[in-house]
There are 4 protein chains.
Amino acid sequence: MGSNFGSDNVTPACDAIIQAVNAANAGTVASYGGDDLTARLQSRASEVFEREVAIYPVATGTAANSLALSQIAAPFGAIYCYEAAHIVTDECGAPEFFTGGAKLIGLPAPDGKISPSQLSHALSLADEMGVHHVKPAAISVTQATEWGTVYTNEELAAVGALAKERGLRLHMDGARFANALVHLQCSPAAATWRSGVDVLSLGATKNGALCAEAVVFFEPELAADFERRRKRAGHLWSKMRFLSAQLLAYLSDDVWLDNARHANTMAEALAQGLRTTPGARVLHPVHANEIFVELPEKTVVGLESAAFKFYRWPLHRSDHGIAIRLVTSYMTQRQDVEAFIAAARHWGGV
Amino acid sequence: MGSNFGSDNVTPACDAIIQAVNAANAGTVASYGGDDLTARLQSRASEVFEREVAIYPVATGTAANSLALSQIAAPFGAIYCYEAAHIVTDECGAPEFFTGGAKLIGLPAPDGKISPSQLSHALSLADEMGVHHVKPAAISVTQATEWGTVYTNEELAAVGALAKERGLRLHMDGARFANALVHLQCSPAAATWRSGVDVLSLGATKNGALCAEAVVFFEPELAADFERRRKRAGHLWSKMRFLSAQLLAYLSDDVWLDNARHANTMAEALAQGLRTTPGARVLHPVHANEIFVELPEKTVVGLESAAFKFYRWPLHRSDHGIAIRLVTSYMTQRQDVEAFIAAARHWGGV
Amino acid sequence: MGSNFGSDNVTPACDAIIQAVNAANAGTVASYGGDDLTARLQSRASEVFEREVAIYPVATGTAANSLALSQIAAPFGAIYCYEAAHIVTDECGAPEFFTGGAKLIGLPAPDGKISPSQLSHALSLADEMGVHHVKPAAISVTQATEWGTVYTNEELAAVGALAKERGLRLHMDGARFANALVHLQCSPAAATWRSGVDVLSLGATKNGALCAEAVVFFEPELAADFERRRKRAGHLWSKMRFLSAQLLAYLSDDVWLDNARHANTMAEALAQGLRTTPGARVLHPVHANEIFVELPEKTVVGLESAAFKFYRWPLHRSDHGIAIRLVTSYMTQRQDVEAFIAAARHWGGV
Amino acid sequence: MGSNFGSDNVTPACDAIIQAVNAANAGTVASYGGDDLTARLQSRASEVFEREVAIYPVATGTAANSLALSQIAAPFGAIYCYEAAHIVTDECGAPEFFTGGAKLIGLPAPDGKISPSQLSHALSLADEMGVHHVKPAAISVTQATEWGTVYTNEELAAVGALAKERGLRLHMDGARFANALVHLQCSPAAATWRSGVDVLSLGATKNGALCAEAVVFFEPELAADFERRRKRAGHLWSKMRFLSAQLLAYLSDDVWLDNARHANTMAEALAQGLRTTPGARVLHPVHANEIFVELPEKTVVGLESAAFKFYRWPLHRSDHGIAIRLVTSYMTQRQDVEAFIAAARHWGGV
């Protein structure tokens, strides 16, 4: 990724995945998912998650999230989530579109992790208001979160238990699920359905694919009619083999974990360097591959002038300076990290 | 495509396009369409259509059609089209979903081509019914049509003139636009905006791409806010370069025309052979790459037993037998065509 | 109604109903349906239909139909009905709006009555097309039909049996249900759930109310969350007593039947007179309170000049002349009928 | 209203309005708003607001708000409002339903009044996020607010100026507009379009009608196609005269102002009494007809036991006790107010 810390989606596809796409490009096969690669993906995903799952490939994370939510929340439903979750702030209303108008009820959370007690309080309001209030339907958590933190399995299971108790479904936005998994050092099963997750948006694009995400239902019955939802949203590919091939390669030979582990390691190295950089203030624990750091404005300007790529975080400005986001990826090189830290020190120096 | 006449979407990508995808797989670039390939696609499309156009790549034809229609028809709008148009019968309600409930008003047409007089009659009903009736908003034509026929430019211009006169927008579902263009032997401009088309769904997937279609607006102002529509439908790719690369290659070096010309030639050869096959009845003029033919049931069964792939057309059965659809593609080989004709004669023989 | 045969909705409210509204206008009561009149309506409706029903008052027929359909058809669902049903042609896309985009699949029917064999054929197409086709969800019949005819209970039960067999729900648009009931001379139960109807839009406005319709579910479980659907459509009245009072009066003391019987009787008298009027051609059996008749254009013009009110039926013109619709109501006087017939003869005379 | 302070919608209709309904109940008239009363309402509303307006009667406030918002916000639009506005918390997702998924962006405001600086900040975020963020479309203010306070005309005009500057439309939820107007002691024009309001939901139900609200557009061009929106939502009454009659009476002979003035006066008397009641804490300025007051729990329980009706405000509990809401109406009697205060003192006494 050179010195591009703008996002993990500025990367090309990793070798294993681009090779899989090329290998899939041979001969005629049944369209719309009737091909062999798609069948193999179903098996592989079930193996990975240690139970029979129903997996549906789509091309974008917004599609995965919104389709998943539309399956578990009625148009008059409420979906509880972090107030600055990706589904709230970055998808241009896609969840509302796909669900037919369900309401995302955002809860504050300094580190992006919502808690059972917050949820209980919000659910009490719904109870008191009855028919005037949208119907509690689902909870959505992001793992790793929008702030690069990761729910522990205990934290997640507590949310899952509340969901079960209240008859809500639990969705996980796993755009960076592999990064979380590597951090948690647990099995995919433990990180999802064993902790109460009903449906996962499994990301691959940011972690080495060209354009591949998947909706994974842990109880296949929960996926009834989901194929039609995908079709009517224009997300059923005729040449499905090209999506399935990416995901199959991703979930094979530890590609997803190796890519994520590298990104996390680079993020930790970057965070380490920044923590000891004068004037820098790392804002959250760095559990995955995102770092939020406050830097003096002149440092930020300097880094930009030196062609480092990253985002100034919208509207975040404090006495310490400006918050920026740095994202590492499977491609980030150690020398890129070192160069960034050196530059931050240079531009931040007295 | 071997002897697979099931659809043109059973094919892999053609060489030029898969090579373009591989070439695009290098280095970090800005995401969400901020890359150079996407910029070049805009230029190239404007060149090809001989005017400044706004082109938006998406992965599927259903997405292209539905997004285009949502831009030109209000939720309380009427979209006039052929009663068995792809948007009516094959997209699981996607146009209704994307438009927020607009109504497709289907008109009968033996060869899939709707006429100004039909449209005028239907519009008169809307006029008489006023607010009780959905508001006439758009006309959608398929080019080449669902029956493999092609509107002449005169036929199309007559529909276009009516649209202008009545203040409606004209959409073209060009899933097989290149096949139509090759048949018409005219410029892309003549086949679209010069004949009154406002917005085109330009297909590439069936004609050599992995997964690439585009919505093309011929007046860029008509595309206001379209980016947000695409985003909220989950059709804005983060790694847009991979979509743009396909379309750029498609529209370069006559790839699209060469592929389509080959498919059309094979279709014509197949039709020729079938027209002289005892018991066979070719149902429509063969202008593009689809052939609909009635065959005795035993012939159809025989062909199926010989592993030829094609579709029995739903619910079409006459005294002559069963209707099947045969689709040729850029990959179809002459020997496949000859083998099919020989087999049809063999199984149809007395 | 004087000589206004334009529609049965040009009438004021009948005495029993306006009195009930006035009687309800006293004291403070719980809002949103927590009042006593609403409770009594629930009981009365259950009595009338001879089983525990769930009844939800709303102000318009379009609301009743669309809310009912939204409860039984998913956004990706298909609703089968007559091609010129009120829900297709007269509600400005309301069913699509409320369902979130479900598709109304219209079937031809000269007298407005659809048949099991038509439905079976249409369902076969859905079966063959699978995920590309909207999912068969519901059947909607209008009783009395848009042409003033009435399904016999046998005809209805045959549709109901098919619905059950195929797992579809059966909706009845009963905007003129009382008129049908009087014609059928059977119990409300026999005319609905005993013939397979799952949900009824029960009309009162056209038959003597100010603004009262109701959605009646014959299995209360089918009504789960329906209150929220009504609320979010803006159809839950705060002062619900005023809706409930109308419906309670309507269903009491045979008001609904008496009003409808009178209207039907007047329609039959009008039809009788027209059948023997030279140049007139009554188009359909007259089962309820609507008459469609073709008259020479000069007769129609003459009647209009004499201030008779009726509709020229849109786009209906034949060798016999112009089709008009005449609707009778609880207010129609015999002298109005006689005056109309006399005038038709006068203006039609040589 | 006796001692029912639960809401102003527990009341019957006031004399002027029920008489108008009865008067309208005579003879046949054109349906769907083609009647004379509806025409007169248009004139009267234009007179009242001192400019040509377009007024559309509907039966509920939720319908008025949601229809109005759907006219000014695209499905991918953002509507800025107070975070606990009625449209956010009390309409079961109706705005999302009618707009096709627009997002309500709630801003905190202790007294229910949002400010230009808050709005500017929120709009900056939208600017920075571009296509990923819903498009700023509208601002909605409630007047009187959900807390019974009233924007001054200066405060309102400042919001209106920002709206104009940013190309947003300004909607006013005027469920209790008359109460605000009486408080402001200004003209209806000054309180709306002269302060930048584009569209008003004008409430009458809570202030003396049976079921009448209206959407009022101050530039009639802004109402293009609004009739179809109303129709497809099931909110176009066939017997429109009964809605128009209510609103016409409401806006005539100062009925609306007299009713509201009485309610406000009673509220002020109640507030006065409570301000000097030991243990009671009135929470907000009382500008209109709602009072929020904290009382010790035992006082609340005592009042409930004495059959006073009011709402415990959901989830509001502080060191001072429980918050309850008291609403006065055109029917509230001074002795009801005095009885309540006496009881509050009795049950709150040591």
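Here, every reference points to the structure presented above.
Residues numbered from 1 in each chain as written. Chains lettered and ligands numbered in written order. Predicted model: local features only at pLDDT ≥ 70, side-chain atom pairs only at ≥ 80, totals over all residues. Heavy atoms only, no water.

Chemist: Kindly report on the overall build of chain A, identifying the contributing residues and their values.
Modeler: When its secondary structure is counted, chain A shows 13 helices and eleven strands. What you see for chain A is a C-alpha radius of gyration of 20 Å, in line with the 20 Å of a compact globule of 350 residues. Each principal axis of the C-alpha atoms in chain A carries an extent, and together these give about 60 × 60 × 35 Å. The buried share among the 350 residues of chain A stands at 66%. For chain A, contacts bridging at least 24 residues in sequence account for 76% of all contacts bridging at least 6. Carbon and sulfur atoms provide 52% of the accessible area of chain A, an area that totals close to 11100 Å². (Helix = DSSP H or I, 4+ residues; strand = E, 2+ residues; numbered from the N terminus. Rg over C-alpha atoms; globule rule 2.2 N^0.38 Å. Buried < 20%, exposed > 50% of the residue type's maximum accessible area, 1.4 Å probe, protein only. Contact = heavy atoms within 4.5 Å. Areas by Shrake-Rupley, 256 points an atom, 1.4 Å probe, with all protein chains shown as cover.)

Chemist: Can you tell me about the packing of helix 12 (residues 297-305) of chain B against helix 13 (residues 334-348) of chain B, naming the residues and giving the values?
Modeler: All names here are of chain B. Running from amino to carboxyl end, helix 12 crosses helix 13 at an angle of 130°, the nearest separation of the two axes being 8 Å. Put simply, helix 12 runs oblique to helix 13. Here helix 12 and helix 13 pass one another in a crossing that is right-handed. Taken together, the residues of helix 13 that come into contact with helix 12 (itself represented by Lys298, Thr299, Gly302, Leu303 and Ser305) are Phe340, Ala343, Ala344, Trp347 and Gly348. (Axes fitted to C-alpha atoms, helices over the stretch in contact; angles between N-to-C directions. Parallel < 35°, antiparallel > 145°, perpendicular 65-115°, else oblique. Left-handed = near helix turned anticlockwise from the far one by under 90°.)

Chemist: Lay out the relation of the copies chain A and chain B with the relevant residues and their values.
Modeler: The two copies are related by a screw operation: chain A maps onto chain B through 180° of rotation and 0.0 Å of translation along the axis, at an RMSD of 0.0 Å. Interpreted geometrically, this transformation is the action of a two-fold axis. Taking the C-alpha atom as reference, chain A places A:Ala233 closest to the rotation axis, 3.6 Å from it. A symmetric contact is evident, with 100% of the interface residues of chain A recurring at the interface of chain B. (Least-squares fit on C-alpha atoms with pLDDT ≥ 70 in both.)

Chemist: Could you give me a rundown of the nonpolar core, with the residues and numbers involved?
Modeler: One finds A:Ile139, A:Trp237, A:Trp256, B:Ile139, B:Trp237 and B:Trp256 to be the most contacted residues of the largest nonpolar core, which totals 207 residues. Not counting the four nearest positions on each side in its chain, B:Trp237 is found in contact with A:Ala59, A:Thr60, A:Cys211, A:Trp237, B:Tyr32, B:Ala59, B:Cys211, B:Phe242 and B:Leu243. Formed by 206 residues, the second largest nonpolar core is a distinct cluster that contains C:Ala68, C:Met240, D:Ala122 and D:Ala191. (Core = buried A, V, L, I, M, F, W, Y, C linked by side-chain atoms within 4.5 Å.)

Chemist: I'd like a rundown of the interface of chain A and chain B, residues and numbers included.
Modeler: Counting from both sides, the interface comprises 46 residues of chain A and, opposite them, 46 residues of chain B. Carbon and sulfur atoms supply 57% of the area that chain A and chain B bury against each other, a total of about 3900 Å² over both sides. The interface formed by chain A and chain B holds 32 residue pairs in polar contact (both at pLDDT 80 or more) in total. Of all the secondary structure elements, the ones that give two or more residues to the side of chain A that touches chain B are helix 1 (15-24), helix 3 (61-72), helix 5 (94-99), helix 9 (226-232) and helix 10 (241-250) of chain A. Counted by class, the side of chain A that touches chain B contains 22 nonpolar, 16 polar and eight charged residues. (Buried area = accessible area lost by both parts, 1.4 Å probe. Polar contact = N/O pair within 3.5 Å; in protein donor to acceptor, adjacent residues only side chain to side chain. Nonpolar A, V, L, I, M, F, W, Y, C, P; charged D, E, K, R; others polar.)

Chemist: Explain helix 2 (residues 36-49) of chain D to me, using residue names and the numbers behind them.
Modeler: Residues and elements named next belong to chain D. For helix 2, which comprises 14 residues, the first-to-last C-alpha distance of 20 Å matches the rise-based estimate of 20 Å (1.5 Å per residue) to within 8%. If you check which residues of helix 2 are buried, you get Leu37, Thr38, Leu41, Ala45, Ser46, Val48 and Phe49. Where helix 2 begins, the side chain of aspartate 35 points an oxygen toward the backbone nitrogen of leucine 37, at a separation of 3.1 Å. Positive backbone phi, approximately 60°, marks glutamate 50, located one or two places after helix 2. (Expected span 1.5 Å × (residues − 1).)

In short, the description is geometric, and any link to function would need to be established separately.
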